[in-house]
Amino acid sequence: MAENGGGNGTNGSGGGVPTLTLASGNGTDGTTQKATWRSKVGLAEMLKGGVIMDVINVEQAVIAEEAGAVAVMALERVPADIRKHGGVARMSDPKMIKEIMDTVTIPVMAKARIGHIVEARILEAMGVDFIDESEVLTPADEQFHLSKHDYRVPFVCGCRDLGEALRRIGEGAALIRTKGEAGTGNVVEAVRHMRSLLGGIRRIRSMDEAELMTEAKNLQAPYELVLEVARTGKLPVPNFSAGGVATPADAALMMTLGAETVFVGSGIFKSGDPAERAKRMVDAVTHYNNYEKLVEISADLGEPMVGIDIRMLPENELLATRGW
Amino acid sequence: METLSKKPRVGILALQGDYESHRKAVEAAGGDPVFIKTPEAIEGIDALILPGGESTVIGKLMIRYGMDMAISAAAAGGMPIYGTCAGMILLAKRIESGAMRGGQPTLGLMDIAVARNAFGRQVDSFETEIETLLEAAEGDGVITVRGVFIRAPYITEAGPEVRVLAHYQGKIVLAQQGNLLASAFHPELTGDLRVHRYFLKSIPH
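The rules we used
Residues numbered from 1 in each chain as written. Chains lettered and ligands numbered in written order. Predicted model: local features only at pLDDT ≥ 70, side-chain atom pairs only at ≥ 80, totals over all residues. Heavy atoms only, no water. Helix = DSSP H or I, 4+ residues; strand = E, 2+ residues; numbered from the N terminus. Rg over C-alpha atoms; globule rule 2.2 N^0.38 Å. Buried < 20%, exposed > 50% of the residue type's maximum accessible area, 1.4 Å probe, protein only. Arc of directions from axis to C-beta. Contact = heavy atoms within 4.5 Å. Pairing = 2+ DSSP bridges. Patch = residues over 30% accessible without salt bridge, like charges linked within 9 Å, V, L, I, M, F, W, Y side chains within 5 Å. Areas by Shrake-Rupley, 256 points an atom, 1.4 Å probe, with all protein chains shown as cover. Salt bridge = Lys/Arg side-chain N within 4 Å of Asp/Glu carboxyl O. Buried area = accessible area lost by both parts, 1.4 Å probe. Nonpolar A, V, L, I, M, F, W, Y, C, P; charged D, E, K, R; others polar. Axes fitted to C-alpha atoms, helices over the stretch in contact; angles between N-to-C directions. Parallel < 35°, antiparallel > 145°, perpendicular 65-115°, else oblique. Left-handed = near helix turned anticlockwise from the far one by under 90°.

Time to look at the overall build of chain A. Assigned secondary structure in chain A consists of 13 helices and nine strands. The globule rule puts the C-alpha radius of gyration for 324 residues at 20 Å, and the 20 Å found for chain A is close to it. When the backbone C-alpha atoms are referred to their principal axes, chain A occupies close to 60 × 50 × 45 Å. In chain A, which comprises 324 residues, the share counted as buried stands at 60%.

Quick look at the structure:
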(Lines give C-alpha, C1' and ligand atoms only; values in the text may rest on other atoms or scores of the structure.)
Protein backbone atom coordinates (compact mmCIF):
# COMPACT_ATOMS: atom_id res chain seq x y z
CA MET A 1 0.00 0.00 0.00
CA ALA A 2 1.12 3.53 -0.68
CA GLU A 3 0.98 4.45 2.98
CA ASN A 4 3.08 7.56 3.32
CA GLY A 5 3.33 7.81 7.05
CA GLY A 6 2.85 10.76 9.37
CA GLY A 7 5.15 13.66 8.72
CA ASN A 8 4.41 17.03 10.20
CA GLY A 9 4.00 19.15 7.12
CA THR A 10 0.89 21.24 6.87
CA ASN A 11 -1.25 21.66 3.85
CA GLY A 12 -4.59 23.08 2.95
CA SER A 13 -5.40 26.08 5.07
CA GLY A 14 -7.81 27.62 7.45
CA GLY A 15 -8.92 31.21 7.12
CA GLY A 16 -8.96 31.69 3.41
CA VAL A 17 -5.19 31.80 2.93
CA PRO A 18 -4.63 28.74 0.84
CA THR A 19 -1.22 27.15 1.01
CA LEU A 20 -0.65 25.83 -2.46
CA THR A 21 0.89 22.41 -2.44
CA LEU A 22 1.79 20.66 -5.63
CA ALA A 23 -0.13 17.48 -6.20
CA SER A 24 2.60 14.90 -6.21
CA GLY A 25 2.23 11.80 -8.31
CA ASN A 26 2.77 9.50 -5.39
CA GLY A 27 0.53 11.49 -3.19
CA THR A 28 2.44 12.72 -0.23
CA ASP A 29 2.66 16.28 1.01
CA GLY A 30 3.17 15.48 4.65
CA THR A 31 -0.26 14.41 5.80
CA THR A 32 -1.81 13.34 2.52
CA GLN A 33 -1.99 9.63 1.83
CA LYS A 34 -3.32 7.96 -1.29
CA ALA A 35 -4.61 4.44 -1.77
CA THR A 36 -5.29 3.95 1.93
CA TRP A 37 -7.48 1.10 3.10
CA ARG A 38 -10.12 3.66 4.11
CA SER A 39 -10.15 5.32 0.69
CA LYS A 40 -10.47 1.92 -1.00
CA VAL A 41 -13.31 0.68 1.20
CA GLY A 42 -14.71 4.23 1.01
CA LEU A 43 -15.38 3.91 -2.71
CA ALA A 44 -17.23 0.65 -2.06
CA GLU A 45 -19.29 2.53 0.57
CA MET A 46 -20.26 5.13 -2.04
CA LEU A 47 -21.52 2.40 -4.38
CA LYS A 48 -24.06 1.10 -1.86
CA GLY A 49 -27.75 0.98 -2.64
CA GLY A 50 -27.16 0.83 -6.38
CA VAL A 51 -26.80 -1.34 -9.46
CA ILE A 52 -23.48 -2.09 -11.17
CA MET A 53 -24.03 -3.08 -14.78
CA ASP A 54 -21.94 -5.18 -17.18
CA VAL A 55 -21.37 -3.34 -20.47
CA ILE A 56 -19.42 -4.39 -23.56
CA ASN A 57 -19.08 -1.06 -25.38
CA VAL A 58 -19.51 2.70 -25.11
CA GLU A 59 -23.14 2.62 -26.29
CA GLN A 60 -24.13 0.24 -23.52
CA ALA A 61 -22.14 2.22 -20.97
CA VAL A 62 -24.07 5.37 -21.90
CA ILE A 63 -27.39 3.53 -21.56
CA ALA A 64 -26.32 2.22 -18.16
CA GLU A 65 -25.25 5.65 -16.88
CA GLU A 66 -28.42 7.21 -18.24
CA ALA A 67 -30.53 4.59 -16.44
CA GLY A 68 -28.84 5.31 -13.13
CA ALA A 69 -26.11 2.67 -12.83
CA VAL A 70 -23.80 3.46 -9.93
CA ALA A 71 -20.83 2.00 -11.84
CA VAL A 72 -20.21 -0.08 -14.94
CA MET A 73 -18.17 -3.24 -15.40
CA ALA A 74 -16.41 -3.03 -18.76
CA LEU A 75 -15.89 -6.42 -20.40
CA GLU A 76 -15.77 -7.85 -23.92
CA ARG A 77 -18.38 -10.54 -23.45
CA VAL A 78 -21.06 -10.77 -20.80
CA PRO A 79 -21.03 -14.04 -18.85
CA ALA A 80 -23.92 -15.51 -20.88
CA ASP A 81 -21.77 -15.22 -24.02
CA ILE A 82 -18.64 -16.47 -22.28
CA ARG A 83 -20.71 -19.51 -21.35
CA LYS A 84 -21.97 -19.94 -24.90
CA HIS A 85 -18.67 -19.42 -26.70
CA GLY A 86 -16.41 -21.31 -24.33
CA GLY A 87 -12.64 -21.06 -24.68
CA VAL A 88 -10.40 -19.03 -22.41
CA ALA A 89 -11.94 -15.80 -21.12
CA ARG A 90 -9.33 -13.09 -20.45
CA MET A 91 -9.04 -9.43 -19.46
CA SER A 92 -10.75 -7.16 -21.98
CA ASP A 93 -8.97 -5.01 -24.55
CA PRO A 94 -7.63 -1.92 -22.70
CA LYS A 95 -8.71 0.22 -25.65
CA MET A 96 -12.36 -0.69 -25.11
CA ILE A 97 -12.08 -0.12 -21.36
CA LYS A 98 -10.39 3.24 -21.96
CA GLU A 99 -13.12 4.38 -24.33
CA ILE A 100 -15.71 3.64 -21.68
CA MET A 101 -13.65 5.45 -19.02
CA ASP A 102 -13.43 8.47 -21.30
CA THR A 103 -17.18 8.51 -21.95
CA VAL A 104 -19.00 7.96 -18.67
CA THR A 105 -18.48 9.89 -15.44
CA ILE A 106 -19.39 7.06 -13.03
CA PRO A 107 -16.75 4.60 -11.76
CA VAL A 108 -15.54 2.00 -14.25
CA MET A 109 -14.61 -1.49 -13.11
CA ALA A 110 -12.85 -4.20 -15.12
CA LYS A 111 -12.07 -7.87 -14.60
CA ALA A 112 -8.72 -9.60 -14.26
CA ARG A 113 -8.27 -13.37 -14.17
CA ILE A 114 -7.82 -14.93 -10.74
CA GLY A 115 -4.11 -14.71 -9.89
CA HIS A 116 -3.16 -12.87 -13.07
CA ILE A 117 -0.73 -10.32 -11.65
CA VAL A 118 -0.01 -8.61 -14.95
CA GLU A 119 -3.61 -8.21 -16.10
CA ALA A 120 -4.27 -6.57 -12.72
CA ARG A 121 -1.22 -4.30 -13.08
CA ILE A 122 -2.35 -3.25 -16.56
CA LEU A 123 -5.79 -2.31 -15.26
CA GLU A 124 -4.17 -0.43 -12.38
CA ALA A 125 -1.87 1.43 -14.78
CA MET A 126 -4.94 2.47 -16.79
CA GLY A 127 -6.53 3.86 -13.65
CA VAL A 128 -9.72 1.79 -13.62
CA ASP A 129 -11.65 2.50 -10.41
CA PHE A 130 -12.11 -1.10 -9.20
CA ILE A 131 -10.64 -4.43 -10.33
CA ASP A 132 -12.79 -7.55 -10.14
CA GLU A 133 -10.57 -10.60 -9.64
CA SER A 134 -13.23 -12.69 -11.22
CA GLU A 135 -14.19 -16.34 -11.53
CA VAL A 136 -16.14 -15.38 -14.65
CA LEU A 137 -12.79 -15.27 -16.47
CA THR A 138 -10.67 -18.38 -16.78
CA PRO A 139 -8.33 -18.54 -13.75
CA ALA A 140 -4.64 -17.88 -14.45
CA ASP A 141 -3.52 -19.40 -11.16
CA GLU A 142 -5.33 -22.29 -9.54
CA GLN A 143 -3.42 -22.02 -6.31
CA PHE A 144 -2.96 -18.35 -5.46
CA HIS A 145 -5.22 -15.34 -5.64
CA LEU A 146 -3.68 -11.89 -6.05
CA SER A 147 -2.06 -10.16 -3.10
CA LYS A 148 -4.41 -7.23 -3.35
CA HIS A 149 -3.00 -4.93 -0.66
CA ASP A 150 -0.07 -4.28 -3.01
CA TYR A 151 -2.15 -2.32 -5.52
CA ARG A 152 -3.31 1.28 -5.53
CA VAL A 153 -6.69 0.28 -6.99
CA PRO A 154 -9.30 -1.41 -4.80
CA PHE A 155 -10.38 -4.98 -5.59
CA VAL A 156 -13.69 -6.78 -5.47
CA CYS A 157 -13.75 -10.58 -5.20
CA GLY A 158 -16.44 -13.23 -5.28
CA CYS A 159 -17.29 -15.66 -2.49
CA ARG A 160 -19.68 -18.50 -1.77
CA ASP A 161 -19.44 -18.49 2.01
CA LEU A 162 -17.90 -16.73 5.00
CA GLY A 163 -14.55 -18.52 4.83
CA GLU A 164 -14.00 -17.57 1.21
CA ALA A 165 -15.04 -13.96 1.91
CA LEU A 166 -12.55 -13.65 4.77
CA ARG A 167 -9.71 -15.22 2.77
CA ARG A 168 -10.24 -12.63 0.03
CA ILE A 169 -10.46 -9.78 2.56
CA GLY A 170 -7.28 -11.11 4.16
CA GLU A 171 -5.59 -10.80 0.77
CA GLY A 172 -6.80 -7.21 0.49
CA ALA A 173 -10.21 -7.21 -1.20
CA ALA A 174 -11.98 -3.93 -0.32
CA LEU A 175 -15.36 -5.25 -1.43
CA ILE A 176 -16.97 -8.68 -1.44
CA ARG A 177 -19.69 -9.92 -3.76
CA THR A 178 -21.35 -13.26 -3.49
CA LYS A 179 -20.69 -15.20 -6.69
CA GLY A 180 -24.00 -16.64 -7.74
CA GLU A 181 -23.76 -18.45 -11.07
CA ALA A 182 -22.99 -15.79 -13.68
CA GLY A 183 -24.63 -15.81 -17.09
CA THR A 184 -27.51 -18.10 -16.15
CA GLY A 185 -30.29 -15.60 -15.42
CA ASN A 186 -31.04 -17.89 -12.48
CA VAL A 187 -30.87 -16.32 -9.04
CA VAL A 188 -30.78 -19.57 -7.08
CA GLU A 189 -27.00 -19.67 -6.55
CA ALA A 190 -26.86 -15.97 -5.63
CA VAL A 191 -29.43 -16.72 -2.93
CA ARG A 192 -27.54 -19.80 -1.76
CA HIS A 193 -24.27 -17.90 -1.43
CA MET A 194 -25.80 -14.87 0.31
CA ARG A 195 -27.63 -17.08 2.79
CA SER A 196 -24.50 -19.11 3.39
CA LEU A 197 -22.39 -15.98 3.98
CA LEU A 198 -24.84 -14.24 6.30
CA GLY A 199 -25.82 -17.49 8.02
CA GLY A 200 -22.12 -18.07 8.67
CA ILE A 201 -21.85 -14.63 10.29
CA ARG A 202 -24.91 -15.24 12.46
CA ARG A 203 -23.52 -18.59 13.59
CA ILE A 204 -20.20 -17.26 14.84
CA ARG A 205 -21.75 -14.33 16.70
CA SER A 206 -22.66 -16.58 19.63
CA MET A 207 -19.27 -18.34 19.87
CA ASP A 208 -16.64 -17.66 22.52
CA GLU A 209 -12.99 -17.10 21.68
CA ALA A 210 -11.95 -20.74 22.05
CA GLU A 211 -14.72 -21.83 19.73
CA LEU A 212 -13.79 -19.08 17.27
CA MET A 213 -10.26 -20.45 16.84
CA THR A 214 -11.68 -23.81 15.86
CA GLU A 215 -14.21 -22.08 13.64
CA ALA A 216 -11.38 -20.13 11.96
CA LYS A 217 -9.70 -23.46 11.28
CA ASN A 218 -12.90 -24.93 9.86
CA LEU A 219 -13.56 -21.83 7.75
CA GLN A 220 -9.91 -21.71 6.68
CA ALA A 221 -10.05 -18.00 7.44
CA PRO A 222 -7.72 -15.59 9.27
CA TYR A 223 -8.43 -15.73 13.02
CA GLU A 224 -8.32 -11.94 13.50
CA LEU A 225 -10.96 -11.43 10.83
CA VAL A 226 -13.11 -14.17 12.34
CA LEU A 227 -12.87 -12.40 15.72
CA GLU A 228 -13.79 -9.07 14.17
CA VAL A 229 -16.82 -10.46 12.36
CA ALA A 230 -17.98 -12.27 15.52
CA ARG A 231 -17.75 -8.99 17.41
CA THR A 232 -19.36 -6.66 14.84
CA GLY A 233 -21.79 -9.06 13.17
CA LYS A 234 -20.78 -7.91 9.71
CA LEU A 235 -17.96 -8.16 7.20
CA PRO A 236 -15.28 -5.46 7.53
CA VAL A 237 -16.02 -4.41 3.92
CA PRO A 238 -19.29 -3.92 2.02
CA ASN A 239 -21.11 -6.99 0.77
CA PHE A 240 -22.70 -6.92 -2.68
CA SER A 241 -24.48 -9.61 -4.70
CA ALA A 242 -23.82 -10.96 -8.20
CA GLY A 243 -24.54 -13.82 -10.53
CA GLY A 244 -27.95 -14.60 -12.02
CA VAL A 245 -30.01 -11.49 -11.25
CA ALA A 246 -32.41 -11.03 -14.20
CA THR A 247 -35.49 -9.16 -12.95
CA PRO A 248 -36.26 -6.21 -10.65
CA ALA A 249 -37.75 -8.72 -8.21
CA ASP A 250 -34.47 -10.67 -8.22
CA ALA A 251 -32.55 -7.49 -7.44
CA ALA A 252 -34.97 -6.60 -4.62
CA LEU A 253 -34.69 -10.16 -3.30
CA MET A 254 -30.92 -9.91 -2.99
CA MET A 255 -31.25 -6.58 -1.15
CA THR A 256 -33.84 -8.17 1.15
CA LEU A 257 -31.45 -11.01 1.95
CA GLY A 258 -28.74 -8.54 2.94
CA ALA A 259 -26.89 -7.43 -0.21
CA GLU A 260 -25.86 -3.77 -0.12
CA THR A 261 -25.74 -3.33 -3.92
CA VAL A 262 -26.44 -5.62 -6.86
CA PHE A 263 -24.24 -6.46 -9.84
CA VAL A 264 -26.27 -7.24 -12.94
CA GLY A 265 -24.32 -8.93 -15.70
CA SER A 266 -26.08 -10.52 -18.63
CA GLY A 267 -29.52 -9.72 -17.18
CA ILE A 268 -29.83 -6.26 -18.71
CA PHE A 269 -28.34 -6.33 -22.18
CA LYS A 270 -29.57 -9.87 -22.90
CA SER A 271 -33.17 -8.80 -22.26
CA GLY A 272 -35.80 -7.41 -24.63
CA ASP A 273 -35.59 -3.71 -23.59
CA PRO A 274 -32.22 -3.04 -21.91
CA ALA A 275 -32.67 0.72 -21.26
CA GLU A 276 -36.02 0.23 -19.54
CA ARG A 277 -34.90 -2.87 -17.64
CA ALA A 278 -31.78 -1.08 -16.44
CA LYS A 279 -33.89 1.77 -15.07
CA ARG A 280 -36.32 -0.61 -13.35
CA MET A 281 -33.42 -2.51 -11.74
CA VAL A 282 -32.20 0.77 -10.23
CA ASP A 283 -35.70 1.59 -8.94
CA ALA A 284 -36.08 -1.92 -7.51
CA VAL A 285 -32.87 -1.67 -5.49
CA THR A 286 -33.83 1.72 -4.01
CA HIS A 287 -37.37 0.56 -3.15
CA TYR A 288 -36.57 -3.10 -2.43
CA ASN A 289 -38.89 -3.25 0.58
CA ASN A 290 -41.76 -1.20 -0.85
CA TYR A 291 -43.98 -3.83 -2.49
CA GLU A 292 -46.55 -1.40 -3.88
CA LYS A 293 -43.75 0.36 -5.76
CA LEU A 294 -42.33 -3.01 -6.87
CA VAL A 295 -45.66 -3.82 -8.52
CA GLU A 296 -45.25 -0.81 -10.81
CA ILE A 297 -41.54 -1.41 -11.25
CA SER A 298 -42.08 -5.03 -12.35
CA ALA A 299 -45.11 -4.48 -14.60
CA ASP A 300 -45.05 -4.56 -18.39
CA LEU A 301 -41.29 -4.93 -18.76
CA GLY A 302 -41.10 -7.39 -21.65
CA GLU A 303 -38.86 -10.40 -21.97
CA PRO A 304 -36.14 -11.08 -19.41
CA MET A 305 -33.05 -12.96 -20.54
CA VAL A 306 -33.57 -16.67 -21.06
CA GLY A 307 -32.58 -18.54 -17.91
CA ILE A 308 -30.69 -21.77 -17.42
CA ASP A 309 -31.56 -24.47 -14.89
CA ILE A 310 -28.25 -24.80 -13.07
CA ARG A 311 -28.90 -28.48 -12.28
CA MET A 312 -28.67 -29.14 -16.03
CA LEU A 313 -25.16 -27.64 -16.21
CA PRO A 314 -22.27 -30.08 -16.20
CA GLU A 315 -19.85 -29.65 -13.27
CA ASN A 316 -17.07 -28.25 -15.46
CA GLU A 317 -19.27 -25.42 -16.72
CA LEU A 318 -19.89 -23.99 -13.27
CA LEU A 319 -18.09 -20.67 -12.74
CA ALA A 320 -18.68 -20.31 -9.02
CA THR A 321 -16.40 -23.23 -8.17
CA ARG A 322 -13.40 -21.38 -9.59
CA GLY A 323 -11.17 -19.91 -6.89
CA TRP A 324 -10.97 -21.40 -3.41
CA MET B 1 -46.52 9.65 23.68
CA GLU B 2 -44.42 12.48 25.07
CA THR B 3 -40.74 11.88 25.11
CA LEU B 4 -38.49 13.70 27.53
CA SER B 5 -35.39 13.97 25.38
CA LYS B 6 -36.16 15.77 22.18
CA LYS B 7 -33.52 14.63 19.73
CA PRO B 8 -33.66 16.35 16.35
CA ARG B 9 -35.01 14.09 13.64
CA VAL B 10 -32.36 14.09 10.94
CA GLY B 11 -33.49 12.76 7.59
CA ILE B 12 -30.89 11.05 5.42
CA LEU B 13 -31.69 10.86 1.74
CA ALA B 14 -31.48 7.09 1.13
CA LEU B 15 -31.93 6.73 -2.61
CA GLN B 16 -28.33 5.57 -3.14
CA GLY B 17 -24.96 6.02 -1.47
CA ASP B 18 -23.40 5.83 2.00
CA TYR B 19 -26.57 6.68 3.91
CA GLU B 20 -25.86 3.90 6.41
CA SER B 21 -22.56 5.55 7.45
CA HIS B 22 -24.41 8.84 7.95
CA ARG B 23 -27.06 7.08 10.04
CA LYS B 24 -24.38 5.88 12.43
CA ALA B 25 -22.71 9.31 12.56
CA VAL B 26 -26.01 11.11 13.24
CA GLU B 27 -26.93 8.65 15.96
CA ALA B 28 -23.52 8.97 17.61
CA ALA B 29 -23.71 12.78 17.38
CA GLY B 30 -27.01 12.79 19.27
CA GLY B 31 -29.58 12.97 16.47
CA ASP B 32 -32.47 10.69 15.61
CA PRO B 33 -31.71 9.46 12.07
CA VAL B 34 -34.42 8.49 9.60
CA PHE B 35 -34.02 7.30 6.01
CA ILE B 36 -35.91 9.34 3.42
CA LYS B 37 -37.01 7.77 0.13
CA THR B 38 -40.24 9.61 -0.64
CA PRO B 39 -41.24 13.30 -0.80
CA GLU B 40 -43.87 12.85 1.93
CA ALA B 41 -41.25 11.66 4.42
CA ILE B 42 -39.58 15.08 4.36
CA GLU B 43 -42.56 16.52 6.27
CA GLY B 44 -41.57 14.85 9.52
CA ILE B 45 -37.90 15.82 9.78
CA ASP B 46 -35.95 18.74 11.29
CA ALA B 47 -32.87 18.54 9.05
CA LEU B 48 -31.65 16.62 6.01
CA ILE B 49 -28.38 15.02 4.91
CA LEU B 50 -27.58 14.39 1.25
CA PRO B 51 -25.02 11.55 1.48
CA GLY B 52 -22.05 10.56 -0.61
CA GLY B 53 -22.63 8.28 -3.57
CA GLU B 54 -23.00 8.90 -7.28
CA SER B 55 -24.45 12.33 -7.92
CA THR B 56 -25.78 11.23 -11.32
CA VAL B 57 -27.78 8.43 -9.71
CA ILE B 58 -29.07 10.34 -6.68
CA GLY B 59 -29.93 13.35 -8.87
CA LYS B 60 -31.92 11.28 -11.37
CA LEU B 61 -33.79 9.36 -8.67
CA MET B 62 -34.59 12.57 -6.79
CA ILE B 63 -36.32 13.88 -9.88
CA ARG B 64 -37.87 10.56 -10.85
CA TYR B 65 -39.58 10.39 -7.44
CA GLY B 66 -40.43 14.10 -7.22
CA MET B 67 -38.15 14.75 -4.28
CA ASP B 68 -36.30 17.71 -5.76
CA MET B 69 -39.33 19.98 -5.28
CA ALA B 70 -39.90 18.76 -1.73
CA ILE B 71 -36.25 19.31 -0.76
CA SER B 72 -36.14 22.76 -2.37
CA ALA B 73 -39.31 23.76 -0.52
CA ALA B 74 -37.86 22.53 2.78
CA ALA B 75 -34.62 24.44 2.13
CA ALA B 76 -36.58 27.61 1.36
CA GLY B 77 -38.38 27.14 4.68
CA GLY B 78 -35.03 27.17 6.46
CA MET B 79 -34.43 23.45 6.99
CA PRO B 80 -30.73 22.78 7.64
CA ILE B 81 -29.30 20.61 4.85
CA TYR B 82 -25.82 19.09 4.75
CA GLY B 83 -24.39 17.54 1.57
CA THR B 84 -21.22 15.42 1.46
CA CYS B 85 -19.39 14.87 -1.84
CA ALA B 86 -22.24 13.84 -4.17
CA GLY B 87 -24.52 15.75 -1.80
CA MET B 88 -22.40 18.87 -2.27
CA ILE B 89 -22.73 18.54 -6.05
CA LEU B 90 -26.50 18.24 -5.66
CA LEU B 91 -26.64 21.44 -3.60
CA ALA B 92 -24.63 23.42 -6.16
CA LYS B 93 -26.10 25.98 -8.50
CA ARG B 94 -23.80 24.89 -11.29
CA ILE B 95 -21.49 22.03 -12.27
CA GLU B 96 -18.54 23.69 -13.91
CA SER B 97 -16.81 20.54 -15.14
CA GLY B 98 -17.13 16.77 -15.01
CA ALA B 99 -20.91 16.60 -15.46
CA MET B 100 -22.17 13.56 -17.34
CA ARG B 101 -22.73 14.10 -21.06
CA GLY B 102 -26.08 15.69 -21.70
CA GLY B 103 -25.92 17.29 -18.26
CA GLN B 104 -27.10 16.10 -14.88
CA PRO B 105 -29.62 17.55 -12.47
CA THR B 106 -28.78 19.45 -9.27
CA LEU B 107 -31.01 21.20 -6.74
CA GLY B 108 -29.24 24.52 -7.34
CA LEU B 109 -29.77 25.68 -3.76
CA MET B 110 -26.30 26.90 -2.87
CA ASP B 111 -24.52 29.73 -4.64
CA ILE B 112 -21.51 27.62 -5.56
CA ALA B 113 -20.07 26.11 -8.72
CA VAL B 114 -18.40 22.70 -8.40
CA ALA B 115 -16.02 20.60 -10.46
CA ARG B 116 -16.95 16.93 -10.33
CA ASN B 117 -14.33 14.16 -9.82
CA ALA B 118 -12.00 17.14 -9.73
CA PHE B 119 -9.20 15.49 -7.73
CA GLY B 120 -9.14 12.60 -10.21
CA ARG B 121 -10.27 8.99 -10.44
CA GLN B 122 -10.11 6.42 -7.64
CA VAL B 123 -6.31 5.99 -7.90
CA ASP B 124 -6.11 9.65 -6.81
CA SER B 125 -8.50 9.31 -3.86
CA PHE B 126 -6.77 10.34 -0.64
CA GLU B 127 -6.99 11.23 3.03
CA THR B 128 -5.46 14.28 4.60
CA GLU B 129 -5.64 16.70 7.52
CA ILE B 130 -8.00 19.60 6.88
CA GLU B 131 -7.91 22.78 8.93
CA THR B 132 -11.43 24.14 9.28
CA LEU B 133 -13.18 27.15 10.73
CA LEU B 134 -15.97 24.96 12.14
CA GLU B 135 -15.54 26.35 15.63
CA ALA B 136 -14.81 29.89 14.56
CA ALA B 137 -18.49 30.79 14.60
CA GLU B 138 -18.33 30.77 18.40
CA GLY B 139 -14.66 30.93 19.28
CA ASP B 140 -11.62 31.60 17.20
CA GLY B 141 -10.19 28.10 17.08
CA VAL B 142 -9.13 26.35 13.95
CA ILE B 143 -9.93 22.67 14.23
CA THR B 144 -8.30 20.00 12.15
CA VAL B 145 -10.35 17.09 10.84
CA ARG B 146 -9.36 14.03 8.84
CA GLY B 147 -10.69 14.47 5.32
CA VAL B 148 -11.39 11.38 3.23
CA PHE B 149 -11.70 12.41 -0.43
CA ILE B 150 -13.09 9.79 -2.83
CA ARG B 151 -13.20 10.71 -6.51
CA ALA B 152 -13.99 14.00 -4.86
CA PRO B 153 -15.31 17.28 -6.19
CA TYR B 154 -14.34 20.77 -5.06
CA ILE B 155 -15.94 24.19 -5.14
CA THR B 156 -14.61 26.39 -7.94
CA GLU B 157 -16.67 29.50 -7.20
CA ALA B 158 -18.56 30.73 -4.17
CA GLY B 159 -21.02 33.63 -4.09
CA PRO B 160 -20.89 36.49 -1.57
CA GLU B 161 -23.34 34.76 0.80
CA VAL B 162 -21.12 31.70 1.09
CA ARG B 163 -18.77 31.31 4.05
CA VAL B 164 -15.71 29.25 3.19
CA LEU B 165 -14.82 26.96 6.11
CA ALA B 166 -11.88 25.02 4.67
CA HIS B 167 -9.50 24.79 1.75
CA TYR B 168 -7.27 22.02 0.51
CA GLN B 169 -4.53 22.86 -1.98
CA GLY B 170 -6.23 26.18 -2.59
CA LYS B 171 -9.58 24.57 -3.41
CA ILE B 172 -12.68 25.15 -1.32
CA VAL B 173 -13.73 21.87 0.28
CA LEU B 174 -16.07 22.97 3.11
CA ALA B 175 -18.55 25.83 2.92
CA GLN B 176 -21.77 27.14 4.38
CA GLN B 177 -24.53 29.40 3.14
CA GLY B 178 -27.17 30.08 5.78
CA ASN B 179 -28.89 26.76 6.49
CA LEU B 180 -26.86 24.88 3.86
CA LEU B 181 -23.56 23.11 4.56
CA ALA B 182 -21.40 21.26 2.03
CA SER B 183 -18.21 19.24 2.23
CA ALA B 184 -16.17 17.65 -0.56
CA PHE B 185 -14.96 15.00 1.90
CA HIS B 186 -16.61 12.33 4.04
CA PRO B 187 -16.59 12.87 7.84
CA GLU B 188 -19.06 9.96 8.09
CA LEU B 189 -16.25 7.53 7.18
CA THR B 190 -13.87 8.61 9.93
CA GLY B 191 -15.65 8.30 13.27
CA ASP B 192 -14.86 12.00 13.87
CA LEU B 193 -18.25 13.50 14.71
CA ARG B 194 -17.35 17.19 14.80
CA VAL B 195 -18.78 18.14 11.43
CA HIS B 196 -22.01 16.26 12.18
CA ARG B 197 -22.20 17.90 15.63
CA TYR B 198 -21.68 21.30 14.03
CA PHE B 199 -24.52 20.54 11.63
CA LEU B 200 -26.81 19.27 14.40
CA LYS B 201 -26.19 22.42 16.42
CA SER B 202 -27.57 24.50 13.55
CA ILE B 203 -30.99 22.83 13.86
CA PRO B 204 -33.53 25.23 15.42
CA HIS B 205 -35.21 23.81 18.54
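This part covers helix 8 (residues 209-219) of chain A. All names here are of chain A. Buried within helix 8 are the following residues: Leu212, Glu215, Ala216 and Leu219. Taken around the axis of helix 8, the buried residues stretch over an arc of 105 degrees, which confines them to a single face. Among the exposed residues of helix 8, those pointing more than 90 degrees away from its buried face are Ala210 and Lys217. Turning to helix 8, the residues buried within the fold contact helix 6 (162-171), helix 7 (188-205) and helix 9 (223-232). Note on helix 8: the residue one or two positions beyond its end, Gln220, has a positive phi of about 55 degrees.

What follows covers the pairing of strand 10 (residues 163-168) of chain B. All names here are of chain B. The pairing of strand 10 with strand 11 (residues 171-177) spans five bridges and is antiparallel. Looking across to strand 11, one finds that Ala166 is bridged to Leu174. Taken together, strand 10 and the strand that follows it, strand 11, pair antiparallel across an intervening segment of two residues, in which Gln169 is found at a positive phi of about 50 degrees.

Right, let's talk about a nonpolar patch on the surface for a bit. A cluster of nonpolar residues, Ile117, Val118 and Ile122 of chain A, forms a patch on the protein surface that exposes about 260 Å² of accessible area. Mapped onto the secondary structure, Val118 of chain A falls in helix 5 (residues 117-126).

The next subject is the interface of chain A and chain B. Taken together, the contact between chain A and chain B spans 57 residues of the former and 48 residues of the latter. Between chain A and chain B, a total of about 4200 Å² is buried, with carbon and sulfur atoms accounting for 51% of that surface. By the criterion of area lost to chain B, the three top residues of chain A are Arg38, Met46 and Thr105 of chain A, representing 17% of everything that side buries. Put simply, chain A and chain B have six salt bridges between them. The residue Arg151 of chain B makes a salt bridge to Asp129 of chain A at a minimum N-O spacing of 3.0 Å. Contributions of two or more residues to the side of chain A that touches chain B are made by strand 1 (33-34), helix 1 (37-46), helix 2 (58-67), helix 4 (94-103) and helix 12 (274-286) of chain A. A per-class count over the side of chain A that touches chain B returns 20 nonpolar, 23 polar and 14 charged. When strand 1 of chain A meets strand 7 (residues 126-132) of chain B, the two strands line up antiparallel, connected through two bridges. Bridge assignment links Gln33 of chain A to a residue of strand 7 of chain B, and that residue is Glu127 of chain B.

A separate point is helix 1 (residues 19-28) of chain B. Of all the positions in helix 1 of chain B, only Tyr19, Ser21, His22, Ala25 and Val26 of chain B are classed as buried. Taken end-on, helix 1 of chain B shows its buried residues confined to a sector of 150 degrees, consistent with a single buried face. On its buried side, helix 1 of chain B packs onto helix 1 of chain A together with strand 1 (9-13), strand 2 (32-36), strand 3 (47-50), strand 4 (81-84) and helix 5 (194-201) of chain B. Looking one or two places after helix 1 of chain B, you find Gly30 of chain B, whose phi comes out positive at around 100 degrees.

Next up on the list: the pattern of salt bridges. Tallying each qualifying case throughout the model produces 37 salt bridges over all chains. Among the charged side chains, a network of salt bridges with common partners joins Arg38 of chain A together with Glu127, Glu129 and Arg146 of chain B.

Moving on: the packing of helix 4 of chain A against helix 5 of chain A. Residue and element names in this part refer to chain A. Taken N-terminus to C-terminus, the directions of helix 4 and helix 5 make an angle of 30 degrees; their axes are 11 Å apart at the nearest point. When the axes of helix 4 and helix 5 are compared, the pair comes out roughly parallel. Read as a crossing pair, helix 4 and helix 5 show a hand that is right-handed. In contact with Pro94, Ile97, Lys98 and Met101 of helix 4, helix 5 contributes Ile122, Leu123 and Met126. Split into classes, the residues belonging to the contact of helix 4 with helix 5 amount to six nonpolar, no polar and one charged.

Nothing here speaks to function; it is geometry throughout.
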